[in-house]
Each structure stands twice: as C-alpha cells, then as structure tokens.
Amino acid sequence: MINIIPAIDIIAGQCVRLTQGDYEQKKVYNEDPLAMAREFEAAGIKNLHLVDLDGAKAQDVVNLPVLERIVLETSLKVDFGGGVKTDEAIQKVFKAGAFQVTGGSIAVKSPETFSRWLGKYGPERLILGADVKNGKVAINGWQEESTLELTAFLEDYVEKGVRYVICTDVSKDGMLEGPAVALYKDIIRQFPDLKLIASGGVSNMEDIKILSEEGLYGVIVGKAIYEGRITLEEINQMIG
C-alpha cells in the first residue's frame, strides 16, 4: 500500500499552495497549519510533508515554530524541507522534532555537505529532493534550473546510500492534471530499490491508485485535498 503524505507549505506561518512553484501564484488555505495537521491526524494519516517556502527563498530555515508546534501537538512523522543549507540549520530542524529532512538544492549545489549528512544522520533520516524541469534538476524552490540530468543525479546519490527520493515534475505541480506516471515508471525501472515518493499533479484518488499499482513508496498530496478533489474520508478508507 502506498503511503499518502499530505503537504503543508508555509509562507508567513500560514498554510498556502503555489502553482508551479510561482510565489506570485499563492493561495492561502488555512491560517493555522497546526489545525490542518490535526485534521490529517484525525483521518488516520501518519506522515506529513512540511515545506518552509520562506526558507527556500531565504536560503535558511524561517518557519521553525510551525514545525515545533506540529511535532509537539500531533503524532505525525514530519519530513521538513526548505532552507536547510547548513549544519546548524539541519541540527535545528532535527532538534525541533523533524523525523526526516528533505534536501534538494543543497544536494545539487553542495553535494559534499549532503553526502556528509547522509553519513552522519543515516539514509533513514534524509530524503533526496529531485525536482525535475525539462529533464533537468530544478533548485531553490524551482527558481533555478541546473544543468544536471535527473538520471545521473539519482545514480550518484544511490551509490552514496540514498534510499528515499521525492521527485516532483515541476510542470505538473499545482495543475491537478495527473502525476508524471511515465517519469516514475522509468525511475523505478532504473532504481528498483529506491523508496520513491511522487509529488505534483495528483488530482483524485484514481491517480493515487495508479501510482500505488506502479510500486511507488509514497505520494505527496497537496492542492487536491485543499481544493476538495480528494477528501480526508476517501484517504481514511484507502489507508484504513
């Protein structure tokens, strides 16, 4: 069974969604991320993907208090991303109670740092964020496109011990037009031992079922929940 992982994206302490990573296309869904997290917990959900969008832009963790409150007041296992660029930042995030940290830009721009973290914290605590735009890895909240080919990027980190990967096709994100199934099938074929987590484009429960049948470890769902395309009752039935 695929793990269904809701996303909470934070700007100025509020729960928002962007479309295709564009900060100008921001919609606030809940002023209290903790209230949202509690709803997820009540539906039987175990994991949460928490993204500090202010942090991604500022290149440093900004919304740490949101993480602390959710960890303190729910039983959700939180994976945290956005602005985790330094040893000090990752220490703060783990100290605040994050179960896992997702690193994307850092893994591209400072591979020696991310590799060192893999050694220090172990592959169970780190998720490689592989965001894809036109076949290349995108970084810094998708504001930049790198020259790295996705396959080479994944191959390098799998050799270094990475086990968890969140892969987002940026063209799909926030569009509610279905996930990049062909991309994920290709990744699973090349790296069958990866715990691959799909992100972007999920619009209904059928999308989740398709990804589950393809053997993905997890799927991140954001806008589809907030726009009412997928209900928490439906998720509860699937995981229950």
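Source: prediction; values computed, not measured.

Chemist: Quick question: what am I supposed to make of the pattern of salt bridges here?
Modeler: A side chain of one charge can pair with a side chain of the opposite charge when the charged atoms of the two come close. Scanning the model with the defined rule gives 10 salt bridges in all. Residue Arg-38 pairs with Glu-73 through a salt bridge whose shortest N-O separation is 2.5 Å. Separated by 35 residues along the polypeptide, Arg-38 in helix α1 (residues 33-42) and Glu-73 in helix α3 (residues 64-73) bring together distant segments of the chain. Among the residues examined, Arg-38 registers a relative accessible area of 39% and is labelled partly exposed. The partner of Arg-163 in a salt bridge is Glu-124, and the shortest N-O contact between them spans 2.1 Å. Here Glu-124 lies in the loop between α6 (111-121) and β7 (126-133) and Arg-163 lies in the loop between α7 (150-159) and β10 (164-169), a separation of 39 residues in the sequence. Take Arg-163: its relative accessible area is 32%, and that puts it in the partly exposed class. Taking the relative accessible area as the measure of exposure, Glu-124 reaches 34% and is therefore partly exposed.

Definitions and cut-offs
- Residues numbered from 1 in each chain as written.
- Predicted model: local features only at pLDDT ≥ 70, side-chain atom pairs only at ≥ 80, totals over all residues.
- Heavy atoms only, no water.
- Salt bridge = Lys/Arg side-chain N within 4 Å of Asp/Glu carboxyl O.
- Helix = DSSP H or I, 4+ residues; strand = E, 2+ residues; numbered from the N terminus.
- Buried < 20%, exposed > 50% of the residue type's maximum accessible area, 1.4 Å probe, protein only.

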